[in-house]
Each structure stands twice: as C-alpha cells, then as structure tokens.
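# Survey of secondary and tertiary structure
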Amino acid sequence: GAGVSQTPSNKVTEKGKYVELRCDPISGHTALYWYRQSLGQGPEFLIYFQGTGAADDSGLPNDRFFAVRPEGSVSTLKIQRTERGDSAVYLCASSLNPPGEGRGTEAFFGQGTRLTVV
Amino acid sequence: AQKITQTQPGMFVQEKEAVTLDCTYDTSDQSYGLFWYKQPSSGEMIFLIYQGSYDEQNATEGRYSLNFQKARKSANLVISASQLGDSAMYFCAMRERETSGSRLTFGEGTQLTVNP
C-alpha cells in the first residue's frame, strides 16, 4: 500500500496477557518510529529504528515493552504482562531519511492500533 | 518546562476564513525542526508542513503556512480559506537534533472546528 499500515486496528486483551502490534512502513523508508498516544494528549515517543537496529529506545517505559524490525521493513511492538495503564493508541511512523534537517525526514504515520487492556 | 506549548485547546472558524493556531517551543539546540500534523477523528496523523531552524523563509504548503518567529520561539500554523474538512485536532511538534535526535516531541494539540 501507499501508506503506513498497522494491524490490528483494535485489540482488546486481558490484564497480564502478551500482545504484538504490527507495523508495515512505506516501501523504501529506512527510518521507523513507534509512538503511544493517550486520550486527549499528543503522541509520546517510544522507539526509533534505522534499518534493522533500534537506534533509540529511550522512550520505552519499562522492560515489558520490546520492538523488533528483523529485516529492516516490518516492525513488531511486543508488550508482555499487559497492564490497564498500557491502554492507548499505538502509532507507527516511517520516514524516507534518518532524522535530521531538511526534506525526507518528516514522519508519515499509520492509523494506529487502539489497545484496550481490561 | 514544556517543550511544545499549544495554548488553544479549541478554536472555531467560519468556512472560507483564515485561522491561526499557536505554537511556542522551548529548546537550547541550535538545530531543530518544527512540524505540524493534523489528526482527524479517524485517528491518522497527517503531516502538513515542516520548518527547519535554519530556514530563512516561512514554509508554505498549499493553504498551510508556518509563521516562524525564531527570536520569539513561535511556529504558528496559518490555514487560509478554511474548509469543513479542516475540522480536526492539530499538533505542533519539534525535533531537537542535539538533545533528542530522533524523537518528535508533541504539544497537547488544538481542536479546530470549521463552521459552515
């Protein structure tokens, strides 16, 4: 597809369960980002991949959160032992070029996965 | 201190009129970028416009322009000739090259409503 694709669009899970959220970036985009957006707030940074490697994971809230991008395209965000406070919309974005000045560094977002932990 | 401040939780504008959405930022970096995104009720974040800290001219993209006042640390979004489809949440964001490298820091957003 032309844009960033995220699946599932909605996920309801029970407290304590494990979930995986998938992101398919725009073809050819080398940079991939995960953000989390709580109701009524702006997105908050979680992690940034350049190629296959996590170049900046300083936004991950704790060790229950992990993300991979094994082949440099699709990424999976994994959350273990989910808690009710993890409920939010998880947004994935990609950019053509690595973060920096100038064109090609703007991030294009998917529609997000709404995670609800009950 | 907030990195990005959007002081208008909600704004209303009549169709076909122009509207300005305010954004002020706080950084000690010399190199940074400023972004505006639109988020309709569907949830997708749509990139609108970008301004680099070293750009001397204000950015423009169609009906969107960014009023960049570096000394005042403001980056207001101007939407000309508002349309009903412009009704959405608007977020200002900043990337600080030295301090935070890759991440975008977002404000809390402004909910824009365009009235017919």
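The rules behind these values
- Residue positions are given per chain, counting from 1 as you read along its sequence in written order.
- Each chain gets a letter, beginning with A, and each ligand a number, beginning with 1, in the order they are written.
- Owing to the predicted nature of the model, reporting of local features is limited to residues with pLDDT of at least 70; listing and counting of side-chain atom pairs is limited to 80 or more, with chain, interface and lining totals taken over all residues.
- Values reported for side chains reflect all heavy atoms of the structure, with hydrogen atoms and water molecules removed beforehand.
- Under the scheme used here, helices are H or I runs from DSSP no shorter than 4 residues and strands are E runs no shorter than 2 residues, and both carry numbers assigned from the N terminus.
- Put simply, the radius of gyration uses C-alpha atoms, and a globule should come to 2.2 Å times the residue count raised to 0.38.
- Each residue is placed in one exposure class: buried if its accessible area under a 1.4 Å probe, protein chains only, is under 20% of its type's maximum, exposed if it is over 50%, and partly exposed if it falls in between.
- In this analysis, two residues are considered to be in contact whenever any of their non-hydrogen atoms come within 4.5 Å of each other.
- For the accessible areas, the method is Shrake-Rupley and the probe is 1.4 Å, while residue cover comes only from the protein chains on display.
- Positive charges are assigned to Lys and Arg, negative charges to Asp and Glu, while His and the chain termini are left out of the count.
- Taken as the charge location is NZ of Lys, CZ of Arg, CG of Asp or CD of Glu.
- What counts as buried area is the accessible surface, traced by a 1.4 Å probe, that two parts surrender upon association, with contributions from both included.
- Definition used for salt bridges: Asp or Glu carboxyl oxygen within 4 Å of a side-chain nitrogen of Lys or Arg.
- Three residue categories are used. Nonpolar comprises Ala, Val, Leu, Ile, Met, Phe, Trp, Tyr, Cys and Pro, charged comprises Asp, Glu, Lys and Arg, and polar comprises the others, including Gly.
- Nine residue types can take part in a nonpolar core, namely buried Ala, Val, Leu, Ile, Met, Phe, Trp, Tyr and Cys, and a core is a set of them joined through side-chain atoms within 4.5 Å.

Moving on, we come to the overall build of chain B. Each helix and strand counted, chain B has zero helices and twelve strands in total. Start at the N end of chain B and walk to the C end: the helices and strands fall as β-β-β-β-β-β-β-β-β-β-β-β. Since a compact globule built from 116 residues should have a radius of gyration of about 13 Å, the 14 Å found for chain B is in line with a globular shape. Expressed as lengths along the three principal axes of its C-alpha atoms, the size of chain B is roughly 45 × 30 × 20 Å. Counting only residues that meet the buried cut, chain B has 49% of its 116 residues in that class. The contacts of chain B with a sequence gap of at least 6 include a subset with a gap of at least 24, amounting to 56%. Carbon and sulfur atoms provide 46% of the accessible area of chain B, an area that totals close to 5400 Å². For chain B, the centre of its 10 positive side-chain charges and the centre of its 13 negative side-chain charges are spaced 2 Å apart.

The next thing to look at is the environment of T5 of chain B. All names here are of chain B. Structurally, the position occupied by T5 is in strand β1 (residues 4-5). Residues T5 and A59 lie 54 residues apart in sequence; the distance between their C-alpha atoms is 20 Å. When near neighbours in sequence (up to four residues on either side) are disregarded, T5 contacts D22, C23 and T24.

A few words on the interface of chain B and chain A. Between chain B and chain A, the residue contacts involve 27 residues of the former and 25 residues of the latter. Area buried by chain B at its contact with chain A is led by Y50, S102 and R103 of chain B, which between them contribute 28% of it. The interface formed by chain B and chain A holds zero salt bridges in total. Counting residues per element, the ones that place at least two in the side of chain B that touches chain A are β5 (32-39), β6 (46-52) and β10 (88-96) of chain B. If you tally residues by element for the side of chain B that touches chain A, the top one is β5 of chain B, at five residues. By residue class, the composition of the side of chain B that touches chain A is ten nonpolar, eleven polar and six charged.

A few words now on the pattern of salt bridges. When their charged atoms lie close together, side chains carrying opposite charge are able to pair. Residue and element names in this part refer to chain A. What the rule picks out here adds up to five salt bridges over all chains. Residues D24 and R22 are paired through a salt bridge, measuring 3.6 Å at the closest nitrogen-oxygen approach. Judged by relative accessible area, which is 31%, D24 ranks as partly exposed. Of the residues examined, R22 reaches a relative accessible area of 40% and is grouped as partly exposed. Between E83 and R64 there is a salt bridge whose closest N-O contact spans 3.5 Å. With E83 in the loop between β8 (75-79) and β9 (88-95) and R64 in the loop between β6 (53-56) and β7 (65-68), the pair connects residues that are 19 residues apart, well separated along the chain. A residue is classified by how much of its surface remains accessible, and E83, at 40% relative accessible area, is partly exposed. Judged by relative accessible area, which is 6%, R64 ranks as buried. Through salt bridges with shared partners, a single network forms among R64, E83 and D86.

Among soluble globular proteins, nonpolar side chains are generally buried collectively. Residues and elements named next belong to chain B. Core analysis: the largest hydrophobic core is formed by 24 residues, its most contacted members being Y25, W36, I49, L77, Y90 and L112. Every element with two or more residues in this core is listed here: β3 (19-21), β5, β6, β8 (64-69), β9 (74-79), β10 and β12 (110-115). Examining the composition of this core, we find that four residues originate from one element, β10, more than from any other. Not counting residues up to four positions away in its chain, the partners in contact with Y90 are Q6, L21, W36, Y37, K38, L48, L77, I79, G109, T110 and L112.

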